[in-house]
Amino acid sequence: MSNYNSKESEKKWQEFWEKNKIFSFNKKSKAPIYSIDTPPPTVSGEMHIGHACSYSQQDFIARYKRMSGFNLFFPFGTDDNGLPTERLVEKTYGIKAKDMPRNDFIKLCIDFLKKELPRFVQDWKNIGISCDWDIKYSTIDAHSRKISQWSFLDLYKKGRIYRKDAPAMFCPECKTGVAQVEVHDKERDSMFNDIIFKVGKADIIIATTRPELLPACVAIFYHPGDSRYKHLKGKKASVPLFNFEVPILEDIRADPKKGTGIVMCCTFGDQTDMEWQKAHNLPIKIAITEDGKMKDIAGNYKGLTIRDARKEIIEDLKKNSLLVSQKPIKHVVNVHERCGTEIEFIKSKQWFVKYLDLKQDMLKWGSELVWYPNYMKHRYSNWVRGLQWDWLISNQRYFGVSFPVWYCKKCNEPIIAEEKQLPVDPQKDKPLISKCPKCSSNEFIPENDILNTWFTSSMTPQIAIQLMDKEMQKKLFPMNLRPQAHEIITFWLFNTMIKSRLHFGKNPWKEAAISGFVTLQGEKMSKSKGNIIRPQEVLEKYGADALRFWAASSKLGEDFDYQEKDIVTGQKTIVKLWNAYSFISMHLKDFDHKKPKLEPIDQWLLLKLNSLVKECTGYFDKYEYSFAKSKVENFFWNTFCDYYLEIVKDRLYNPDKRGKESRKSAQYTLYNTFLTTLKLFAPIMPHITEEIYNDYFIKKEKDKSIHISKWPEQDKKLQDKKLEKLGDKFISVIKEIRQFKSKNNKSLKEPVTIVLNNKDLKLFIEDLKAVSNANKIDFGNKFEVSF
């Protein structure tokens, strides 16, 4: 038999599965449905090693459920609208969206996706994901846009969506408003600048990291309990360089221990500035434009970038003896998760989903979801407790799902599309009404903003389910499982939960399986660090099954390190399976598939196999695939290959010596044990198991693929603790004999004399003679081995 070629085999079986629709969802089946809300990967380059790991892990569950008799609804989508796609297109073509006509840039994005998507999706096929590739969607296709826009309409009608001209988080690099969920905390080096403000002729020192916001200063605050500044209450301070006065006020949010204990309020430097402005009814002065430049009120610094303005203002403060000192510090700043740019707070008109009033309900909803692992629920709960903003859903970008909104040109009244129009593009389409209901004007202008990509992605259950007919939709919702990575609990899981509750009054799924993060030598991988592992290179070198074997080493939810040695172990296991099959198939050519009277050691192995099936099934039921993999791996390498195959070789090669029935007993045990072992390995290593199954076992088993064959079931009647214990003792005897030979630098074939101290082992005496090459076996009070 030739060697196994993983590259050829994997390609062959992936094409076979797709061509023969092995993983198709059967709409007519009466089998119980198991539905998965598959994460649509963001089209932002290529599959990374974290994708390869987490998607393999969810596929272990999918393949197990399919073999367990479920009719699997396992769609595949791509998240290809919004900012990630825009940034990829800009990077690919070396252009900026703002420098092109809007329609030209949108066309460029669409053309790019047409060319890029097949290659992008192929990465997922290459790791053996068993999705139904006929149930597919793109979050920018007409179907997804319609559902996303319907979501907007429904929430608007329910009073959950509003538009407000207010301070909002804004990314100067991406030039768009951002939601709280899109902001990360990042520690950065900065400088505390101690600056002199004048109160009459007296000086007060105020420490700030943002001197460029001096032109936007609207007040000075100190804590009411801070005796150092009590005398300043009701007075005014002159802002350095800009020479206008602002009131000095008390507020408990001023921290006496931070900086000098007295702080300037600018509109807007951070969340506290916003709270102060609202609480004290302060004026709003905007110093920074949406593209990160200084505005008119900055005077001489108008048009400078934030960084350049900070540098020049500090220099001018020094020249005017207004900078007392500078202290280097490390502090945490908010950055946009897409580009790493520090966010600003800019007053602008934005659309929001109102949900801060639902925080207690959100905690309850999270508790109703079954979490794997359970502790991941705390990440969700902590996020909910820390919410400070309603959900900003508008982006000032170009490529994405349009708001189904126009405005009256005369009075600015929003005109909302009707459901029968969806999907609608206000840039091209007109509202169905002819006159503004408020002022009767007949001129309308489109909303130019697009919906945030998470607003659409949070509808993936509906996007996938509504590809089915109405009757099937009822059966599929709520879905069984949401598998995803832990870093997007606050993005995707939370927002999907909110949408489902607001629209339908129920959780979108019954369970959530949360995967961990892949690191390299304990560090997060990043291009800047040069520590990226490309799964495409791993696949080229070792194959998909070896990569999946490594991915199965990690428990759900746990971050774990990429270790090439684990990939190598996977590759060795594949070779071992093929070699074991080569040996077994050679001795099964005349197997008649009838159950003979079984030899004791064969009975023992089937007892062990029965226990293994029970354990692996229990682990897979709890999505603990890593334990299942560990158990079957240990059984295959140690119990089956290291011991059992060596024990039965004599019966297989020398049938006349022990009799044909003894050989048939070995054949029956080999057939059933190896087939069951293949099935237990199948969810994790689908290609090698399919290759072996189709090469031999399909002749008798008939199922077109091992992956739609029946998962092994424990035989609850198959129990014999006495025989199992005795068989374990027999294996330990073989182990001691091997160690004795090895210690004496002898071949395992070296003849020995054995004295057993357990007469019950007579049951295995013939197998012991054969496997140990014993020329004599006696019984005594002490176990002994000699040459």
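Let us look at the side chain of glutamate 86. With respect to the secondary-structure elements, glutamate 86 resides in helix H3 (residues 83-93). Within polar-contact distance, the side chain of glutamate 86 engages the backbone nitrogen of tyrosine 398 at 2.7 Å. Not counting residues within four places of it along the chain, the set of residues in contact with glutamate 86 comprises Ala97, Phe105, Arg397, Tyr398, Phe399 and Ile450.

For a regular strand, side chains alternate in direction, first toward one face of the sheet and then toward the other. Relative to strand E28 (residues 774-779), strand E27 (residues 752-756) runs parallel, the two sharing 5 bridges. Paired with isoleucine 754 across the two strands is isoleucine 777, which belongs to E28. Handedness of the β-α-β unit built from E27, helix H23 (residues 765-772) and E28 comes out right-handed.

The next thing to look at is the pattern of salt bridges. Within this structure, the stated rule accounts for 57 salt bridges. Linking arginine 119 and glutamate 116 is a salt bridge whose minimum nitrogen-to-oxygen distance equals 2.3 Å. Here the residue arginine 119 and the residue glutamate 116 both occupy positions in helix H4 (residues 102-126), the gap between them amounting to 3 residues, near one helical turn. Taking relative accessible area as the criterion, arginine 119 reaches 37% and is therefore assigned partly exposed. Taking relative accessible area as the criterion, glutamate 116 reaches 13% and is therefore assigned buried. Here arginine 658 ties to glutamate 599 by a salt bridge, and the two come within 3.8 Å at their closest N and O atoms. Here glutamate 599 lies in the loop between helix H16 (564-586) and helix H17 (600-621) and arginine 658 lies in helix H19 (residues 655-658), a separation of 59 residues in the sequence. Exposure remark for glutamate 599: the relative accessible area of 22% places this residue in the partly exposed category. Here the salt bridges share partners, and the residues they tie into one network are Glu599, Asp602, Arg651, Arg658 and Asp767.

For the rest of this paragraph, the subject is the nonpolar core. Judged by nonpolar contacts, the single largest core of 193 residues is most densely connected at Phe640 and Phe674. Ranked by the residues each element gives to this core, the list is headed by helix H18 (residues 625-653), at 13 residues. Residues contacting phenylalanine 640, with those up to four places away along its chain left out, are Ile584, Leu605, Phe635, Leu645, Leu670, Thr673 and Phe674.

Turning next to the environment of aspartate 59. Positionally, aspartate 59 belongs in helix H2 (residues 49-67). Given the relative accessible area of 0%, aspartate 59 is considered buried. C-alpha separation for the pair aspartate 59 and lysine 746, spaced 687 residues apart in sequence, amounts to 47 Å. Leave out the neighbours within four places in its chain, and aspartate 59 touches Phe74, Gly128, Ile129, Ser130 and Arg548. A polar contact is formed between the side chain of aspartate 59 and the side chain of arginine 63, at a distance of 2.7 Å.

Now for the sheet that holds strand E22 (residues 479-485). Spatially, the 3 strands line up as an open sheet ordered E15-E23-E22, and their pairing is parallel. Where the open sheet ends on each side, the last strands, each with one partner, are strand E15 (370-372) and E22. Ignoring strand direction, the axes of neighbouring strands in this sheet form an average angle of 20 degrees.

Bringing unusual backbone geometry into the picture now. Cis rather than trans, the peptide bond between threonine 267 and phenylalanine 268 has omega equal to 5 degrees. For phenylalanine 268, the position within the fold is in the loop between strand E12 (262-266) and helix H6 (271-279). We note that asparagine 745 has phi near 55 degrees; this positive angle belongs to a residue other than glycine. Inspection of the secondary structure assignment puts asparagine 745 in the loop between helix H22 (721-743) and E27. Not every positive phi belongs to a glycine, and asparagine 773 is a case in point at roughly 55 degrees. Looking at the element boundaries, asparagine 773 is found in the loop between H23 and E28.

For helix H21 (residues 686-701), spanning 16 residues, the distance from its first C-alpha to its last is only 17 Å, which falls clearly below the expected 22 Å at 1.5 Å a residue. Of all the bends in H21, the greatest measures close to 55 degrees and is centred on asparagine 694. For H21, the complete set of buried residues consists of Pro686, His687, Ile688, Thr689, Glu690, Glu691, Ile692, Tyr693, Asn694, Tyr696 and Phe697. Residues of H21 that are buried sit in contact with helix H1 (6-19), H2, helix H15 (544-551), H16 and helix H20 (660-681). Lysine 702 sits one or two positions beyond H21 and adopts a positive phi of about 75 degrees.

Right, let's talk about the environment of valine 183 for a bit. Mapped onto the secondary structure, valine 183 falls in strand E7 (residues 183-199). Here valine 183 falls in the buried class, since its relative accessible area comes to 14%. Taking the C-alpha atoms as reference points, valine 183 and lysine 27, 156 residues apart in sequence, are found 42 Å from one another. Aside from chain neighbours lying at most four places away, what touches valine 183 is Met169, Val178, Asn334, Val335 and Ile343.

Turning to H1, a few remarks are in order. For H1, spanning 14 residues, the distance from its first C-alpha to its last is 20 Å, which sits close to the expected 20 Å at 1.5 Å a residue. Inspection of H1 places Ser6, Ser9, Glu10, Trp13, Gln14, Phe16 and Trp17 among the buried residues, and these make up the whole buried set. Looking down the long axis of H1, one finds its buried residues gathered within 160 degrees of arc, a one-sided arrangement. For H1, the exposed residues lying more than 90 degrees away from the buried face are Glu8, Lys11 and Lys19. Of the surrounding elements, those touching the buried residues of H1 are H2, H4, helix H14 (535-542), H15 and H21. You can read the cap of H1 off the contacts: a side-chain oxygen lies 3.1 Å from the backbone nitrogen of lysine 7, and it is on asparagine 5. Downstream of H1 by a residue or two, lysine 21 has a phi angle that is positive, lying close to 50 degrees.

This paragraph deals with the sheet that holds E28. One open sheet accounts for 3 strands, arranged E28-E27-E29; its pairing is mixed. Edge strands, defined here as strands with exactly one partner in the open sheet, are E28 and strand E29 (784-786). Across the sheet, the axes of successive neighbouring strands diverge by a mean angle of 15 degrees, strand direction being ignored. Lying over the sheet, H22 contacts E27 and E29, oriented at roughly 140 degrees with respect to E27. Relative to the sheet, H23 contacts E27 and E28, its axis offset from that of E28 by approximately 140 degrees.

What counts and how
What you see as residue numbers is a count from 1 along each chain, following the sequence as written. Per-residue local features are limited, in this predicted model, to residues with pLDDT of at least 70; the limit for side-chain atom pairs, both in listing and counting, is 80 or more; totals at the level of whole chains, interfaces and linings are taken over all residues. To obtain the side-chain values, all non-hydrogen atoms of the structure were included, while hydrogens and water were left out. Working definition: helices are DSSP H or I runs of at least four residues, strands are E runs of at least two. Numbering for both runs from the N terminus. Here a polar contact means two N or O atoms within 3.5 Å. Within protein one must be a hydrogen donor candidate and the other an acceptor candidate, and residues neighboring in sequence count only if both atoms are side-chain atoms. Any pair of residues with heavy atoms lying within 4.5 Å of one another is described as a contacting pair. By this definition, two strands are paired if DSSP reports at least two bridges between them. Seen with its strands pointing away from the viewer, a crossover is right-handed if its path from the first strand over the helix to the second goes clockwise. In what follows, salt bridge is the name for a side-chain nitrogen of Lys or Arg lying within 4 Å of a carboxyl oxygen of Asp or Glu. Each residue is placed in one exposure class: buried if its accessible area under a 1.4 Å probe, protein chains only, is under 20% of its type's maximum, exposed if it is over 50%, and partly exposed if it falls in between. For this analysis, a nonpolar core means a set of buried residues of the types Ala, Val, Leu, Ile, Met, Phe, Trp, Tyr and Cys, connected via side-chain atoms within 4.5 Å. Every angle, taken between N-to-C directions, lies between 0 and 180 degrees, and every axis is a line fitted to C-alpha atoms, over only the stretch in contact when it is a helix. A helix is expected to span 1.5 Å for every residue after the first. Bend, at a single residue, is the angle you get between axes fitted to the 7 residues ending at that residue and the 7 residues starting at it. In this context, the arc is that of the directions from the helix axis out to the C-beta atoms.

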